[in-house]
Amino acid sequence: MEADTILANGSVITMNAEREVFREGAVAIKGEKIIAVGTSAELAGQYQAQETVDCSGQAIIPGLINAHTHVPMSLLRGLADDLRLDVWLYGYMFPVENQFVGPEFCYWGTLLSCAEMIRSGVTCFADMYYFEDEVAQATAEVGMRAVCAETIMKMPTPNAATYEDGLRYCREFMERWKDYELIVATIGPHAPYTCTPEILQESARLAMEYDVPLKTHLSESSKEVEDSEAQYHMTPIAWVDEHGLLEAKVVAAHCVHATERDMRLMARKGVGVVHNPTSNLKLASGVADVVRMSELGIRLAIGTDGPASNNTQDMFEEMRLTALLPKGFSSSPTAVPARDALAMATIGGAQVLRLDHLTGSLEVGKKADIAVVDLGGPHIMPHFQLSDDNLYSQLVYAGKSSDVRHVLVNGRFLMRDRQLLTVDEAEVIAQAQRVAQKVDAFLAKREEDLLDKMVAIGGLEEREIYEVQVKAKVDEEAIFAALHQPPIEIVRRSEYEQYDTYFLFADRSKGHLRYREDIPVGKGVEAKPGYRLTLMGPTREREYTDSVILRRLRFRSAADRSLRFYREYFQPDEIKEITKHRRRFHIMYKGVRFEINLDRLLEPKHDEVLLEIKSRTWSSSDAERKAQLLTELLDVLGVDRERLVKREYVDF
């Protein structure tokens, strides 16, 4: 019988159901498929090959499967590290993606990732990003196998202004690639916290219509779970199930904080879970309980996650961590043996991606997706042959991506003797550096401007605000009595506990930020806090008579993230906290609206009550008029000019 290629004289690790290993083994290939697996002597007697590749001292294994990554993000590798997940995503990744991600970005980023993954023995990967048409095109040109999921979410994405646009893109993308052998085109609703019930339902319907796996992120961080339970009274996994997502062939990345009930639900629904140990450690998300998941029968795979959060796509590193971490957490050295870790990176990945009829093991009839690994390096010597477990241990605990010598997909060499055959590596690296220089310049400029940093995370409500104001030390009861006399008319009143945190910077010309938490107090008032972030310019634009100042509050936004987030994102040089009890009166005086605050500083402690009168203004003539009215109000309220205060609260 004829064969195109025989890989001979190596240790063949099949990863078939019986986990057969042939120490002096061979694999025969004809066209795209494996036509025989066995000992070298058996195959030499049965097949005539156009080429026989001597694999002495090497392991012949199924190509590794990176079951979760974001390949274009290789262009963002090393950009923003050692940050929490929310700061990393909302402070850096999303803004940079909105600025730079396009078809060209995704094309070159995919080629860079393909080069990296081929060098580490990966023959198939599952991607989830934007412009997946370009991801699929670049992957097909290289000759790798991939599941490509277009990310969809409720916010605008780089290639979809609305989620309806995203759904249309997904359908067209899936239709275009549905008959291409190496590419499975699908949809990827990003995560429960970025999707609506409608998005989840439409995504599941589309995936089921095309009979393809659906990719998503689930329960990656403890905050995600806590927020879901606070908002919906259920975990993210239970919530997506309630909205029908788990009816599809779901491939769920992370599941670090899946509960016992979540895991049982996923097992019942046939969800495949992708373990991403390095990324989860680097982002301090935790470690998924793959031991318990395995006990419950959940199909498990391994992924690297994106190269911006890992920072490599080296599956040898992931296999090693997959085997080691459960041992440390369970105090059991038998947890996830090397054999199981390799299975998760090969046949397990294929099963999770629903590709096990094509790849994941070295069996007759399957596609010839193969990696050949050199076992001769000093870090992997010596060799023992007590059992097949010695081979698994060599690969998982001692093997490195640099040991990969040959890689084939569909019977075609993509790398031979460490030489990439389908990627112009030098050109790809040059293009990657070109993109990096542009991103560098963008972020360097943004880091110098607090407004740019505020804009990057969204939520601006008001543009530049000017206000005239004056402060004084007063007798609270006297002011309170004066406020209830003509010509002052009280329109509205309220009372607050106010907690201000100021972010100060060494370069005072940048201005400073104030994070404010307002908690309403009083009889019958709901104590629901409000949060605001204000960018403040130079303290004084102008000073009028009686210490009335024109102050610039440059921009304001709702503070919809935690104080910790803003602290880590803006990285101030100094932080100052002010706590005060505020009685606020909105008044009319001579047809003009003013805000009067009676403030008692609690921290730092200040014995006297401070009066603050202010009004917003939009022009110099309006500011002049209101400054004059402020001076009149001081007289109406009986304020002693000797007790005027020129300091801002941040200066107390």
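Asker: I'm lost on empty space enclosed by the protein in this one. Help?
Answerer: A probe as big as a water molecule, rolled over the atoms, marks out the empty space that is left. Following the criterion strictly, the structure yields five cavities of 30 Å³ or more and no others. Here the largest cavity is characterised by a volume of approximately 240 Å³. If you trace the largest cavity, you find 22 residues lining it, with His 70, Trp 88, Leu 89, His 190 and His 217 closest to the centre. Take the lining of the largest cavity: its biggest share by element is six residues, from helix H2 (residues 85-100).

Asker: Sorry if this is basic, but what is going on with the domain arrangement of the protein chain here?
Answerer: It is common to report an interface's size as the accessible area lost on association of the parts. When cut into domains, the protein chain gives domain 1 (1-63 + 360-417), domain 2 (64-359 + 418-443) and domain 3 (451-651). Domain 1 and domain 2 are separated by 28 Å when their C-alpha centres are compared. Tallying the contact residues gives 37 residues for domain 1 and 42 residues for domain 2. Of the roughly 3,200 Å² buried where domain 1 meets domain 2, counting both sides, 59% is carbon and sulfur surface. For the domain 1 face of the interface with domain 2, the top three residues by lost area are Val 396, Tyr 397 and Leu 414, together amounting to 20%. Among the salt bridges present, the one from Asp 369 reaches Arg 145, with a minimum N-O distance of 2.8 Å.

Asker: What should I look at first to understand the nonpolar core in this one?
Answerer: Taken as a class, soluble globular proteins show a tendency for nonpolar side chains to be buried jointly. Residues Trp 88 and Phe 570 are the most contacted members of the largest nonpolar core, which totals 153 residues. It is helix H3 (residues 103-119) that provides the largest number of residues to this core, a total of nine residues. Non-local contacts of Trp 88, meaning those with residues more than four positions away in its chain, are made with Met 73, Ala 80, Leu 83, Met 93, Leu 283, Ala 308 and Ser 309.

Asker: Would you take a moment to explain the pattern of salt bridges for this structure?
Answerer: Following the criterion strictly, the structure yields 48 salt bridges and no others. As a salt-bridge pair, Glu 175 and Lys 178 come within 2.7 Å of each other at their nearest N and O atoms. Taking relative accessible area as the criterion, Glu 175 reaches 37% and is therefore assigned partly exposed. For Lys 178, a relative accessible area of 47% translates into the label partly exposed. Of the charged contacts in the structure, one is a salt bridge between Glu 260 and Arg 264, with a shortest N-O distance of 3.0 Å. Note that Glu 260 and Arg 264 are positioned in helix H9 (residues 260-269) at a spacing of four residues, about one turn of the helix. Owing to a relative accessible area of 33%, Glu 260 belongs among the partly exposed residues under this scheme. Sharing partners across several salt bridges, the network here consists of Lys 471, Arg 582, Arg 584, Glu 595, Asp 599, Glu 612, Lys 614 and Glu 648.

Asker: Mind showing me how you'd approach the environment of Glu 229 here?
Answerer: Looking at the element boundaries, Glu 229 is found in helix H7 (residues 222-232). Residue Glu 229 is classed as partly exposed on the basis of its relative accessible area of 38%. Measuring from C-alpha to C-alpha, the distance between Glu 229 and Trp 239 comes to 9.3 Å, with 10 residues separating the pair along the chain.

Asker: Just checking my understanding: could you explain the side chain of Asn 280 for this structure?
Answerer: Residue position: Asn 280 is located in helix H10 (residues 277-282). Side chain to side chain, Asn 280 and His 254 meet in a polar contact 3.0 Å long. With residues near it in sequence (within four places) discarded, Asn 280 still touches Glu 220, His 254, Val 256, Ser 285 and Gly 286.

Asker: Is there a simple way to think about the pairing of strand E12 (residues 272-275) in this case?
Answerer: Note on strand geometry: in a regular strand, side chains alternate between the two faces of the sheet. Here E12 shows a buried face lined by Gly 272 and Val 274 and a second buried face lined by Val 273 and His 275. With three bridges joining them, strand E11 (residues 249-254) and E12 adopt parallel strand pairing. Looking at the pairing, Ala 252 lines up with Val 273 of E12. Regarding topology, H9 serves as the crossover connection from E11 to the parallel E12, and that connection is right-handed. Bridging between E12 and strand E13 (residues 299-302) involves four bridges; their strand directions are parallel. Counterpart to Val 273 in the pairing with E13 is Leu 300.

About the criteria used
Residues numbered from 1 in each chain as written. Predicted model: local features only at pLDDT ≥ 70, side-chain atom pairs only at ≥ 80, totals over all residues. Heavy atoms only, no water. 1 Å grid on protein atoms, 1.4 Å probe; cavity = no way out; pocket = protein on both sides within 12 Å on 5 of 7 lines; lining within 4 Å. Points joined across faces, edges and corners; volume = space filled by probe spheres on them. Helix = DSSP H or I, 4+ residues; strand = E, 2+ residues; numbered from the N terminus. Domains from an automatic or database assignment. Contact = heavy atoms within 4.5 Å. Buried area = accessible area lost by both parts, 1.4 Å probe. Salt bridge = Lys/Arg side-chain N within 4 Å of Asp/Glu carboxyl O. Core = buried A, V, L, I, M, F, W, Y, C linked by side-chain atoms within 4.5 Å. Buried < 20%, exposed > 50% of the residue type's maximum accessible area, 1.4 Å probe, protein only. Polar contact = N/O pair within 3.5 Å; in protein donor to acceptor, adjacent residues only side chain to side chain. Pairing = 2+ DSSP bridges. Right-handed = clockwise from strand over helix to strand, strands pointing away.

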